[in-house]
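A closer look at the structure
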2 protein chains.
Amino acid sequence: MTDLETYRHPALAIDLVILAIHDGHLCAVVLPRDDLGKETYALPGGFVHHDQSLDQTVARVLAEKTGLTGLAFEQLATYGDPARDPRGHVVSVAYLALLPAPLRAAGLPLAEIRVTWPGEAGGPASAHLKGTPLRLAFDHAAILGDTVKRLRGKIDYSRIAFSLLPARFTLRQVQEVHEAILGRPLLKPAFRRKLLDRGILRDTSEMQTGNAHRPAALYELVPPTLE
Amino acid sequence: MTDLETYRHPALAIDLVILAIHDGHLCAVVLPRDDLGKETYALPGGFVHHDQSLDQTVARVLAEKTGLTGLAFEQLATYGDPARDPRGHVVSVAYLALLPAPLRAAGLPLAEIRVTWPGEAGGPASAHLKGTPLRLAFDHAAILGDTVKRLRGKIDYSRIAFSLLPARFTLRQVQEVHEAILGRPLLKPAFRRKLLDRGILRDTSEMQTGNAHRPAALYELVPPTLE
DNA sequence: TCAAAAGTGTTGATACTACACCCATGG
DNA sequence: CCATGGGTGTAGTATCAACACTTTTGA
């Protein structure tokens with residue numbers, strides 16, 4: 001076996017796709033990176049230190065670059081093209097984290113972007129900041145595209161949609177999250193029934209108030225029974 | 001930015017889950033690794049060299065350790081627990097490759113194992129060689145478990161099942177592949193119809209011969225139209 | 001009283017399950 | 001002519017899309 005320490009191998013990093021719903025659009029946290037070009041942005045990321053697990057690294061980078069702690073995350077995929085980083089060979093493991101709606105306004109020093117989607121198939125995503133297209137560094141447009149594809153595939157049977165919502169939410173809010181991720185409108189009655197039939201929501205007897213229309217019932221997620 | 005070359009970071013490797021159907025069971029290629037313990041086996045793997053892409057590394061390891069070339073593969077997930085390899089911190093990207101039925105007998109210098117599955121939920125897989133349980137090195141049991149879970153999730157809408165079959169096959173053979181991956185029997189009429197309704201098979205006008213029953217029609221996969 | 005959004009009922013179409021049955025071949 | 005597996009028909013059920021409709025609030 002080769003000596004692990006002296007062997008020349010690529011550097012290892014993690015990149016974070018931190019998503020939130022803003023104005024009915026799916027948005028990702030990006031950081032300005034003027035060192036990589038004018039008006040260039042990149043996903044938050046950082047190197048994996050020796051003897052640190054990937055999960056530890058994600059938690060560290062989350063805290064250091066965004067100040068967020070205690071967020072759930074899951075691994076997406078690993079990108080290893082030697083040319084993806086002009087500074088050298090850096091293999092990066094992409095992770096997904098979801099930002100519950102109330103955390104958005106917590107004064108984060110972060111730019112937010114819109115992720116649009118050309119057509120229904122795969123491919124890189126395009127990013128917009130306040131309506132104008134955004135230049136993304138490295139292969140981060142491809143990472144965002146893969147992320148949305150993955151989200152669309154599992155939103156129906158997983159609980160990820162609720163990670164983008166506050167602890168108590170209306171059914172319409174859940175529908176908005178689904179529509180933002182799928183990029184198309186959904187029919188309200190069908191959506192409501194399918195959601196309630198899953199048996200994962202409990203109707204708190206509280207109501208949303210302050211709107212100029214009939215108040216909506218507030219639901220909460222019941223903890224998962226061991227599957 | 002830290003100097004990429006002198007920075008101390010984990011080593012990077014890839015591991016291969018090479019699957020085939022044998023005797024109606026899902027099997028994976030493993031290699032004996034007496035250096036890691038008595039009667040211990042591991043998935044084929046190798047280190048990622050500097051300035052080599054992950055795909056290049058997979059192709060290289062496939063050729064070096066199994067002699068296989070030209071096989072399609074796809075990324076599974078990345079495992080980075082510092083304790084997963086007792087020799088040091090090695091982060092490994094797992095890849096899946098599928099072995100078409102006729103290649104199985106091509107005199108590969110490889111042991112094959114059965115991967116059984118306890119229950120329906122996730123968790124590590126258990127491996128068996130000729131009926132007796134097998135000791136797997138590292139976290140390779142977990143990798144195999146995750147792989148089967150992933151396969152089950154996408155077998156219905158992807159073409160992976162056909163990568164385990166020869167170029168021409170009977171519908172029953174396709175069903176056997178699905179049953180091996182899902183670990184449960186399927187109803188023949190429903191399976192046939194769903195498969196044919198996908199419109200991805202063409203009926204070659206040839207028939208399977210030599211069996212003591214009605215001959216089955218041989219089908220072939222039509223190339224995917226750009227999705 | 002009106003606008004707006006919450007929430008429910010109904011209907012036709014589609015897809016799936018489960019079983020019964022027929023067909024073609026080797027022995 | 002029998003055993004074996006290939007291949008098809010059908011009836012009952014669950015699911016889903018689409019639309020119409022009623023309800024409840026703030027202004």
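Data block above holds the structure.
Residues numbered from 1 in each chain as written. Chains lettered and ligands numbered in written order. Predicted model: local features only at pLDDT ≥ 70, side-chain atom pairs only at ≥ 80, totals over all residues. Heavy atoms only, no water.

Before going further, it helps to spend a moment on the overall build of chain A. Within chain A one finds five helices and twelve strands. Taken over 227 residues, chain A has a buried fraction of 47%. In chain A, the proportion of contacts linking residues at least 24 apart, taken out of those at least 6 apart, comes to 58%. Counting only carbon and sulfur atoms, one obtains 53% of the accessible surface of chain A, whose full area is about 11,600 Å². (Helix = DSSP H or I, 4+ residues; strand = E, 2+ residues; numbered from the N terminus. Buried < 20%, exposed > 50% of the residue type's maximum accessible area, 1.4 Å probe, protein only. Contact = heavy atoms within 4.5 Å. Areas by Shrake-Rupley, 256 points an atom, 1.4 Å probe, with all protein chains shown as cover.)

So, on to the pairing of strand β6 (residues 90-98) of chain A. All names here are of chain A. Counted residue by residue, β6 has nine buried out of nine residues, so it is predominantly covered. Residue alternation in β6 divides its side chains into two sets, Val90, Ser92, Ala94, Leu96 and Leu98 and Val91, Val93, Tyr95 and Ala97, and both sets are buried. Sheet topology note: the strand β1 (residues 11-22)/β6 ladder contains nine bridges and is parallel. Counterpart to leucine 12 in the pairing with β6 is valine 91. Note: strand β5 (residues 73-79) against β6, six bridges, orientation antiparallel. Within β6, the residue paired with alanine 77 across the bridge is alanine 94. (Pairing = 2+ DSSP bridges.)

All names here are of chain B. Relative to the elements of secondary structure, leucine 151 occurs in helix α2 (residues 140-154). Using a relative accessible area of 2% as the deciding quantity, one classes leucine 151 as buried. In this structure the C-alpha to C-alpha distance between leucine 151 and tyrosine 95, which are 56 residues apart in sequence, comes to 12 Å. When residues no more than four places from it in sequence are discounted, the contact partners of leucine 151 are Leu19, Leu26, Leu96, Ile160 and Ile181.

Residue and element names in this part refer to chain B. The backbone of aspartate 23 shows a phi angle near 60°, a positive value even though the residue is not glycine. Tracing the backbone through its elements, the reader meets aspartate 23 in the loop between β1 (11-22) and β2 (25-32). Not every positive phi belongs to a glycine, and phenylalanine 138 is a case in point at roughly 55°. Structurally, phenylalanine 138 can be placed in the loop between β10 (135-136) and α2. In this structure phenylalanine 138 comes out as partly exposed when scored by relative accessible area, which is 26%.

All chains considered together, the criterion is met by four aromatic pairs over all chains. Their ring planes at 35° and their centres at 5.4 Å tell us that A:Phe162 and A:Phe169 sit as a pair that is tilted. A single burial state applies to A:Phe162 and to A:Phe169, both of which are buried. Between B:Phe73 and B:Tyr95, the ring centres sit 5.9 Å apart and the planes meet at 75°, which makes this aromatic pair edge-to-face. Taken together, the residues B:Phe73 in strand β5 (residues 73-79) and B:Tyr95 in strand β6 (residues 90-98) connect sequence positions 22 residues apart. (Phe/Tyr/Trp six-rings, centres within 6.5 Å; stacked < 30°, edge-to-face > 60°.)

The analysis is restricted to geometry; functional conclusions fall outside its scope.
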